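Results of the structural survey
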Amino acid sequence: MADVLTPQQRSFNMSRIRSRDTRPEKIVRSIVHAFGYRYRLHKPDLPGKPDIVLVRHRKIIDVHGCFFHMHKCRFGTVVPATNAKFWRTKRMSNVERDRRNLSALKRDGWKVLIVWECETRKPAALAKRIQKFLAK
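Residues numbered from 1 in each chain as written. Predicted model: local features only at pLDDT ≥ 70, side-chain atom pairs only at ≥ 80, totals over all residues. Heavy atoms only, no water.

1. Considerations on the sheet that holds strand S3 (residues 59-64)
- Spatially, 4 strands are ordered S1-S2-S3-S4 in an open sheet, and the strand pairing comes out mixed. Where the open sheet ends on each side, the last strands, each with one partner, are strand S1 (40-41) and strand S4 (111-116).
- Bridge count between S3 and S4: 6 bridges; the pairing is parallel. Counted as the bridge partner of His64 is Trp116 from S4.
- Across the sheet, helix H2 (residues 23-34) lies against S1, strand S2 (52-54), S3 and S4, angled at about 150° from S3, the strand it touches most. (Pairing = 2+ DSSP bridges. Helix = DSSP H or I, 4+ residues; strand = E, 2+ residues; numbered from the N terminus. Contact = heavy atoms within 4.5 Å. Axes fitted to C-alpha atoms, helices over the stretch in contact; angles between N-to-C directions.)

Structure follows, in structure tokens:
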């Protein structure tokens, strides 16, 4: 199936997809801040530049987009109709990189919570999960 957008339109759309300050990330930040925690964003000296770093507590919260990190939900299992091989390779490399970064962080003594984009659709349940993680 051919792409319904021109290459210029597709390029523009893809350029709007951000890696930081996304809506799911902002939702998680507001929950963490409401609990009274202070954090650093995208600390460059840690593997993968985690989204939210609570240095004093040695905890990290990473927010992953379901599509780009291949979550097992309905949003993450979508298979693009065009350029499928490229997207499969791209998404698999994201998953592998996530695995390496998570392993390195745990080896360095960090506790890590992965929050999926689809989980931010239910903020009350997400808040309970985050609170439980931070209280440990």
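2. Some remarks on the side chain of His64
- Summarising the element assignment, His64 is placed in strand S3.
- Setting aside anything within four residues of it in sequence, one finds His64 in contact with His69, Asp98, Ile114, Val115, Trp116 and Glu117.

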